[in-house]
Amino acid sequence: MSEDLVERLVPYRLWQLISPELPEWKRRRQGGGTEPRDDRTSLAAVVFVLVSGCPWRELPPVFGVSRATAHRRFAAWTAAGVWEALGAITASEDGWDRELAWLDKVCRAALLRTGTGVRGGGGDAAVRRDRSRPSGTTT
């Protein structure tokens, strides 16, 4: 995978804010399997799906992360409350810069993808997933 693509999707300065929020991966008890993919590379793949709106099955192979791995990480990070924690970081930081604005967009996209909604930046209106689509479909 191109380091440039990872840097564009998950800039290093932003990675420093995000990485402490990600849960650690534990080795499988039964052993076997492959080494877990790098979190930053996996996050770049997840970010691509979130901001592009493509289905998980259309994740380009250039990321070097399987569609199943990217989705599994997204699901695990969602269950661990990562998107909410990152959203709180963007809300608490003074002075928006490009990285924080990008993180805010990623968090909003993640929460919309999960169907849990997200609070608007300056208002109280909640943005919700499009209810006209059947449950379980993705964009």
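Overview of the structure. (Residues numbered from 1 in each chain as written. Predicted model: local features only at pLDDT ≥ 70, side-chain atom pairs only at ≥ 80, totals over all residues. Heavy atoms only, no water.)

### Examining the overall build of the protein chain
- Counting its secondary structure elements, the protein chain contains 6 helices and 2 strands.
- By residue count, 35% of the 139 residues in the protein chain fall in the buried class.
- In the protein chain, of all internal contacts separated by at least 6 residues, the share reaching a separation of at least 24 is 62%.
- With the model as given, the accessible surface of the protein chain reaches about 8,500 Å², and the carbon-plus-sulfur share is 50%. (Helix = DSSP H or I, 4+ residues; strand = E, 2+ residues; numbered from the N terminus. Buried < 20%, exposed > 50% of the residue type's maximum accessible area, 1.4 Å probe, protein only. Contact = heavy atoms within 4.5 Å. Areas by Shrake-Rupley, 256 points an atom, 1.4 Å probe, with all protein chains shown as cover.)

### Some points on the pattern of salt bridges
- According to the stated counting rule, one finds 3 salt bridges in the structure shown.
- Between Glu 7 and Arg 40 there is a salt bridge, with the nearest N and O atoms lying 2.6 Å from each other. With Glu 7 in helix H1 (residues 3-9) and Arg 40 in helix H3 (residues 39-52), the pair connects residues that are 33 residues apart, well separated along the chain.
- As a salt-bridge pair, Asp 104 and Arg 108 come within 2.8 Å of each other at their nearest N and O atoms. Separated by 4 residues within a single helix, Asp 104 and Arg 108 lie in helix H6 (residues 98-114), roughly one turn from each other.
- Residue Asp 104 is classed as buried on the basis of its relative accessible area of 19%. (Salt bridge = Lys/Arg side-chain N within 4 Å of Asp/Glu carboxyl O.)

### Side note on the nonpolar core
- Membership of the largest hydrophobic core comes to 33 residues, with the highest contact counts inside it found for Ile 18, Leu 43, Val 46, Leu 50, Trp 83 and Leu 86.
- At the level of secondary structure, the elements contributing two or more residues to this core comprise H1, helix H2 (12-18), H3, helix H4 (67-79), helix H5 (82-92) and H6.
- Once residues within four sequence positions are removed from consideration, Leu 43 is found in contact with Val 10, Trp 15, Ile 18, Trp 77 and Trp 83. (Core = buried A, V, L, I, M, F, W, Y, C linked by side-chain atoms within 4.5 Å.)

### Details of the environment of Thr 41
- Turning to its location among the elements, Thr 41 is positioned in helix H3.
- By relative accessible area, which is 17% here, Thr 41 ends up buried.
- Sequence-wise, Thr 41 and Leu 9 are 32 residues apart; in three dimensions their C-alpha atoms are separated by 9.5 Å.

### Here we look at the packing of H3 against H6
- Where H3 meets H6, the closest approach of the two axes is 9 Å, and the angle between their N-to-C directions is 75°. Regarding the angle of H3 to H6, the classification is roughly perpendicular. Residue-level contacts link Val 47, Val 49, Leu 50 and Val 51 of H3 to Trp 102, Val 106, Ala 109, Ala 110 and Arg 113 of H6.
- Among the residues making up the contact of H3 with H6, the classes are represented as 8 nonpolar, no polar and 1 charged. (Axes fitted to C-alpha atoms, helices over the stretch in contact; angles between N-to-C directions. Parallel < 35°, antiparallel > 145°, perpendicular 65-115°, else oblique. Nonpolar A, V, L, I, M, F, W, Y, C, P; charged D, E, K, R; others polar.)

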